[in-house]
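# A closer look at the structure
Chain by chain, the residues:
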Amino acid sequence: MRLKNHLYTHSVVLSAFVAIFAAIPQAYALPGDSSPSWNVPTENCFFGPTIGIDPEWNYVYPDSNAAYQCSSFDFPEGAELIIEGEFPHARHTSWTIYGGDGLGTPNGQGSHQIIDTDILPDAGSVNPFIKGTNRQTKKRSYTMRVVNQLLPQDPDEREPNTLYSSGPRPGPFGNFLCQRIYVPDQRKEPFGDTTLPEVTLLLPDGSRLKDEAMCEAVDALNQGFAAPPQALGFDLLEYIGLRQAGLGPGSTPPTHPALNPPEFRAFFTADHQRCVFFTPLADCGNPVYNPDGVGLGNPSNRYIESYIDKGFGEVLVLRAKKPTTPKTWRGNPFVPDLDYDLVYYSICPQESLATWRVGDCIFDEELPTDAAGFYTLVLSRPSDRPANANKKCGVAWASTPPAGDGAGDLWLSNIWIRFMLPSPNFDEAAQNVENPGEEEAVMGPDLPQGEYMSKEDFEARGCPLGFSAR
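Residues numbered from 1 in each chain as written. Predicted model: local features only at pLDDT ≥ 70, side-chain atom pairs only at ≥ 80, totals over all residues. Heavy atoms only, no water.

## Examining the overall build of the protein chain
Our working definition: Where helices and strands are cited, they refer to DSSP runs of H or I of at least four residues and of E of at least two residues respectively, numbered from the N terminus. We call a residue buried when its accessible area falls under 20% of the maximum for its residue type, exposed when it is over 50%, and partly exposed in between, using a 1.4 Å probe and counting protein chains only. Any two residues whose heavy atoms approach within 4.5 Å at even a single point are treated as in contact. Exposure was quantified through the Shrake-Rupley algorithm and a 1.4 Å probe, taking into account, for residues, occlusion by the shown protein chains and nothing else.
Regarding its fold elements, the protein chain presents six helices and 18 strands. The proportion of buried residues among the 470 residues of the protein chain is 54%. Counting only contacts in the protein chain whose residues sit at least 6 apart along the sequence, the fraction spanning at least 24 positions is 74%. Working note: accessible area of the protein chain is about 19600 Å², and carbon and sulfur atoms make up 52% of it.

As structure tokens, then:
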């Protein structure tokens, strides 16, 4: 029996808090590898522990098929950072500097991002992310600058390969810089056969600092990475109260905030998402989409999310049309020059607002489709996995988080689906949902439909003969 219709006492809350850290799941690996132990450093004095690989450093909703190299630092007056790196063997990469108030206010406040196709290579090198270029080219170096200046509103006034910081971000992070690497090629994990980029501090007098001297001068990691790997800025007691009494004392079912069937909602802002899921009877407003509103969101992505609960059934079956995306994971030397719907698509089972911790995400190349282009994904605990939930039968499977929502409810969990860099011709992209409640009208068959059932009921469907995964 799950007791969710009353507020926990402080002692129970403390126990739940301890349980968050005691119930850390086993390490997740990028696709194609079985261990998170790599032969390259995954942190140094500037870059903190790589997010997305280590389950003890898995927070801020990472994608388990990506690696996040991030740093929190100060900017000495008049200085700039020089970053020397190599284009990874991967589906996609980007650099983002987070600063200002993060609300996209005038004068360039908020985050600034440069994606792979917009990075100019060094002389003699090539950018393998440009269509028609050999992805396995050997010479693939580039150089970036990070400057402490407002982002020019006119793109023509921006210097190439230059990230503009609008000043320290309020809260624990300060100046916060991230490189994201999505889907490293098979056996080239974790960074797509590259190493951590080399960072140099260029001072106003022209002198340069590297390594420990550079890190000391910028006070690297002095703020953001002091935060524990749990939900940042979200109170656990508040979360449990919303989970148990969001619809009012005595009227909130133990499955709250999950619904049957599940409802996927496009992300607008963190406050709006919390309202529509946990207190849907309140006036949640009509917010404007803010790509940075999740806290440290990826401006290239739009997310849709839902909560699910085993109380409705052991197995959740999701079905939707799969957007077209490039195939890169097997080290394809060339990507056909086609108008793909998205650069990347993934489905991430994760805990909740209580922890922001993610399980093993499924990405596009792992989703078999039927002749009509639809995928079927089964979500369950491993012990409840149906025998026919496998690729041979045309079915993908993912485990719901072992710790449930990470705050004491082992049956409740969260799902995020990423839509990255849509084609202008992909009308069904989540990015085109301009107002809450428009998801079904805009996304049509690309909006997942879910059905709860028992393990036995799904196994009774059998395994269609002659299925050919695409």
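## Looking at the packing of aromatic side chains
We count it as follows: The pairing test for Phe, Tyr and Trp rings, Trp by its six-membered ring, is centres within 6.5 Å, and the orientation test on the planes gives stacked under 30 degrees, edge-to-face over 60, and tilted for anything in between. Two limits define a charge over a ring: the Lys NZ or Arg CZ must be within 6 Å of the ring centre, and within 35 degrees of the ring normal.
Going through the model one piece at a time under the given rule, you end up with 21 aromatic pairs. Members of the aromatic cluster, joined through ring pairs, are Phe 46, Phe 47, Phe 73, Phe 75 and Trp 95. Sitting over the face of the ring of Phe 277, Arg 265 holds its NZ or CZ atom 4.8 Å from the ring centroid.

## With respect to a negative patch on the surface
So the rule is basically this: Exposure above 30% relative accessible area and the absence of a salt bridge qualify a residue for a patch, where like charges join within 9 Å and nonpolar side chains (Val, Leu, Ile, Met, Phe, Trp, Tyr) within 5 Å. Any carboxyl oxygen of Asp or Glu within 4 Å of a side-chain nitrogen of Lys or Arg constitutes a salt bridge here. A positive count includes Lys and Arg, and a negative count includes Asp and Glu. His and the chain ends are not counted in either. The atom standing in for a charge is NZ when the residue is Lys, CZ when it is Arg, CG when it is Asp and CD when it is Glu.
On the surface, a cluster of negative charge is made up of Asp 211, Glu 212, Glu 216 and Asp 219. The exposure class assigned to Glu 212 is exposed, which follows from its relative accessible area of 58%.

## So, the confidence of the model for the protein chain
Filter applied, for reference: A residue's pLDDT is simply how confident the predictor is in it, with values from 0 to 100.
Across the protein chain, pLDDT averages 86, with 84% of residues at or above 70. In the model, residues 3-35 has pLDDT below 50 throughout and makes 78 contacts with residues more than four positions away in sequence or in other chains. Within the model, the stretch residues 104-108 combines pLDDT values under 50 with six contacts to residues more than four positions away or in other chains.

## Observations regarding the nonpolar core
Spelled out, the test is: Residues belong to a common nonpolar core when they are buried Ala, Val, Leu, Ile, Met, Phe, Trp, Tyr or Cys residues joined through side-chain atoms within 4.5 Å.
Phe 46, Leu 81, Trp 95 and Leu 177 are the most contacted members of the largest nonpolar core, which totals 29 residues. Secondary structure elements with two or more residues in this core: strand E1 (66-73), strand E2 (80-86), strand E3 (90-98), strand E5 (141-147), strand E7 (175-184), strand E8 (198-202) and helix H2 (211-218). In this structure Phe 46 touches Cys 70, Ser 71, Phe 73, Leu 81, Leu 177, Val 199, Met 214, Cys 215, Val 218, Ala 220 and Leu 221, once residues within four positions along its chain are discounted. In terms of nonpolar packing, the next biggest core, distinct from the first, is built from 28 residues, Leu 316, Ala 398, Ala 430 and Val 433 among them.

## Considerations on the environment of Arg 330
Structurally, Arg 330 can be placed in the loop between strand E12 (315-321) and strand E13 (344-350). Residues Arg 330 and Gln 186, 144 residues apart in the sequence, show an inter-C-alpha distance of 5.4 Å.

## Notes on the sheet that holds E12
Definition in use: Paired strands, in this sense, are two strands between which DSSP finds at least two bridges. Between N-to-C directions, angles cover 0 to 180 degrees, with each direction set by a line fitted to C-alpha atoms, over the stretch in contact for helices.
Read across the open sheet, the four strands follow the order E16-E15-E12-E18; overall the sheet is mixed. The strands lining the two open edges of the sheet, one partner per strand, are strand E16 (396-399) and strand E18 (449-453). Each strand of the sheet is rotated relative to its neighbour by a mean of 25°, with strand direction disregarded. By the bridge criterion, four bridges tie strand E15 (residues 374-380) to E16 in an arrangement that is parallel. Following the sheet pairing, Leu 377 is matched in E16 by Ala 396.

## A few points about the state of the cysteines
Note on terminology: a disulfide is the covalent bond linking the sulfur atoms of two cysteines. Heads up, the condition is: Criterion for a disulfide: a pair of cysteine sulfur atoms within 2.5 Å.
According to the stated counting rule, one finds five disulfides in the structure shown. In this model Cys 45 forms its disulfide with Cys 215; the gap between the sulfur atoms is 2.0 Å. The sign of the S-S torsion, about 70°, decides the handedness of the disulfide formed by Cys 45 and Cys 215: right-handed. Of the two residues, Cys 45 is situated in the loop between helix H1 (10-22) and E1 and Cys 215 in helix H2; the sequence distance between them amounts to 170 residues. Look at Cys 45 and you get partly exposed, because its relative accessible area is 25%.

## Observations regarding unusual backbone geometry
For the peptide bond that leads from Glu 189 to Pro 190, omega is 5°, which places it in the cis range. Note on placement: Pro 190 falls in the loop between E7 and E8. His 256 connects to Pro 257 through a cis peptide bond whose omega is 10°. In this structure, Asn 161 is a non-glycine residue whose phi angle is positive, near 55°. Within the secondary structure, Asn 161 sits in the loop between E5 and strand E6 (162-164). One non-glycine residue, Asp 219, adopts positive backbone phi at about 50°. With respect to the element layout, Asp 219 can be found in the loop between H2 and helix H3 (236-245).

## Here's the deal with the pairing of E3
In terms of burial, E3 is largely enclosed, as nine of its nine residues are buried. Pairing geometry for E3 and strand E4 (residues 112-115), over four bridges, is antiparallel. Along E4, the bridge assignment pairs Ser 94 with Ile 115.

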